[in-house]
Amino acid sequence: MKRSLQQIALLVAKDLRIEARGKQTVGLVIVLGVLIIVVLGMGLGTGGPGAPMSGFKSTAILWVAYLFGGVLCFEKTMAVERQDDALAGLLVAPLDRGALYIAKLLSNLTLMFVLALVVTPVAILLFRFDLSTHPWGFVIVMALGMTGFAAIGTLFAAAVSSTRLQGGLLALLVFPLSLPVVHASTQMMRKMFEEGEALSGGGLATLLAFDLMFLALSWFVFELVLEP
Amino acid sequence: MTVSLSTPAATAIPGAAAAVRAEKLTKAIDDKTILKDINLDISAGRYVALLGANGAGKTTLLKILATLVAPSGGVLKLFGQTVRRDSIHIRSRLGLIGHGAMLYRDLSARENLVFFGRLYGVADAPGRAAELLKFVDLAPRANDPVKTFSRGMMQRVSIARALMHNPDLLLADEPFSGLDAPSCRMLEEMLSRLHGQGKTVVLANHEISQSLRLAEQAVVLRKGRVVLDEPASSLDPAAVLAEVSAR
């Protein structure tokens, strides 16, 4: 167990070091996220001066930015392993495949959280929505939603990384499968920001249940989809 | 140059424990049979050349030996232990040099080696990395990103990566392809030196004369079957070529 934790830490540190060198993924997903917010904001209308966009609509737009940015993160962190066949180097090592899955998931989540840290303030400024009513509710629901989404995305990124379709195929697979998580998250956001309700324990339990189910299934299946 | 490879494996002794024992190994992908009834016995410390035309099944066999791919049938034993999908402990005794360098381009040669060393639980990974970078004659470029290296240099780092954990069995899949003559010679010397230190080496290669010169045992694959398994010294390159290219 201790050995696996050390290996997970090593793999995540390696992924983040590579990302820090090139800054390719973070730069790309942030630009994409901001573009999505600006374009959707313009399309839906920011409400004009003095008229902020509703919290529910704003968080829904943020979700779109997180989802598309997330797919790019999943794809890029797996592409690093495919270049020069680095994945085979990992698979021939005494490394549990489950540990590799957890490491990739953590790397993806870290990149997604960086995306959220940059894109969310942009949306708050642009849409002038009031996050102060449920700041922690927003953070918790988004974090749980992203975890479920990344759990599925990490699995399918590994599965499609050896195909030539990649990006398009990954989005086609991940978006429908993550619908339960996205639906549960947006419903909680609607209740908090549109109906003024407090963060509900039942909603959180549902989201958590989906997360655990996705994590367990993906962790179990991950080994089977890895092909050097 | 001499390099201490911490704990050399046992030298080849006739009748010694088998490093590799394959019994009726088969591999089929969809309906296509890639390997059929492969029987292979490689005793510890041997230098074995795996020969065959393109598509003969050399790479698939090496991937199975490296535990990267599961066979569809048959039994594979490495160092006396039956290989299963979760054979993590067996993997710590294997080193693989493949078609790709299996390195991270944005990391330096030293960072790559230290990373893989720690993944294998090597006690002093930075020290071992420095030792091996000297061994492959790349110490002056240790801190340069691998993406700035030539193919030959990447291949040398790849060899160092495969040796970080001092494996008992080194599997090399066409390591000479794409290398210039000096790099080929250097790689030949490295593999021979490792063999001299008691490592079992399995080399998949296209060059018949070179393979017979380097190895002690030659195994020829044709259409997924072993058609020849003889001491290399007893074989004539022309006869091997005939076996390789026969239809």
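Above: the structure in question.
Residues numbered from 1 in each chain as written. Chains lettered and ligands numbered in written order. Predicted model: local features only at pLDDT ≥ 70, side-chain atom pairs only at ≥ 80, totals over all residues. Heavy atoms only, no water.

A. Here's a closer look at the pairing of strand β1 (residues 18-29) of chain B. All names here are of chain B. Pairing analysis gives 8 bridges linking β1 to strand β2 (residues 32-43), with the strands arranged antiparallel. By the bridge assignment for β2, V20 is matched with I42. Following β1, the chain reverses through 2 residues before pairing antiparallel with β2; D30 in that reversal takes a positive phi of roughly 55 degrees. In the sheet, β1 pairs with strand β4 (residues 73-78) via 5 bridges, with the strands oriented antiparallel. In the sheet register, T26 faces β4, and the bridge partner there is G73. (Pairing = 2+ DSSP bridges. Helix = DSSP H or I, 4+ residues; strand = E, 2+ residues; numbered from the N terminus.)

B. Main features of the sheet that holds strand β8 (residues 200-205) of chain B. Residues and elements named next belong to chain B. Judged by pairing direction, the sheet is mixed, and its 6 strands sit side by side in the order β6-β7-β8-β3-β9-β10 without closing on themselves. Each of the sheet's edge strands pairs with one partner strand only, and the pair in question is β6 (94-97) and β10 (225-231). The sheet shows a mean angle of 15 degrees between the axes of neighbouring strands, taken without regard to direction. Two elements, strand β7 (residues 169-173) and β8, share 5 bridges in a ladder whose sense is parallel. Looking at β8, one finds that L169 is bridged to T200. (Axes fitted to C-alpha atoms, helices over the stretch in contact; angles between N-to-C directions.)

C. Focus on the pattern of salt bridges. Inspection of every chain in the model, using the stated rule, returns 16 salt bridges over all chains. With its nearest N and O atoms 2.9 Å apart, the salt bridge here joins A:D15 to A:K14. Where A:R21 meets B:E111, a salt bridge forms, and the shortest distance between an N and an O atom there is 2.6 Å. Within this pair, whereas A:R21 is found in helix α1 (residues 2-22), its partner B:E111 is found in helix α3 (residues 109-119), the two belonging to separate chains. (Salt bridge = Lys/Arg side-chain N within 4 Å of Asp/Glu carboxyl O.)

D. Helix α2 (residues 24-44) of chain A, seen in detail. All names here are of chain A. End to end, α2 covers 30 Å across 21 residues, agreeing with the expected 30 Å (1.5 Å per residue, within 8%). Residues of α2 that are buried: T25, V26, V29, I30, G33, I36, I37 and G41. Take α2 and look down its axis: the buried residues cluster within an arc of 125 degrees, on one side only. Facing away from the buried surface of α2 by more than 90 degrees, the exposed residues are Q24, V31, V39, M42 and G43. Turning to α2, the residues buried within the fold contact α1, α3 (55-82) and α5 (97-127). Trailing α2 by a residue or two, G45 shows a phi angle of about 85 degrees, which is positive. (Expected span 1.5 Å × (residues − 1). Buried < 20%, exposed > 50% of the residue type's maximum accessible area, 1.4 Å probe, protein only. Arc of directions from axis to C-beta. Contact = heavy atoms within 4.5 Å.)

E. Geometry of the pairing of β8(B). Residues and elements named next belong to chain B. Among the 6 residues in β8, 6 count as buried, and that is most of the element. On β8, burial covers both faces: T200, V202 and A204 on one face and V201, L203 and N205 on the other are all buried. The pairing of strand β3 (residues 47-52) with β8 spans 5 bridges and is parallel. Opposite Y47, over in β8, you have V201 as the bridge partner. Regarding the hand of the β-α-β motif, the stretch spanning β7, helix α6 (residues 181-196) and β8 is right-handed. (Right-handed = clockwise from strand over helix to strand, strands pointing away.)

Honestly, it's all geometry; don't read function into it.
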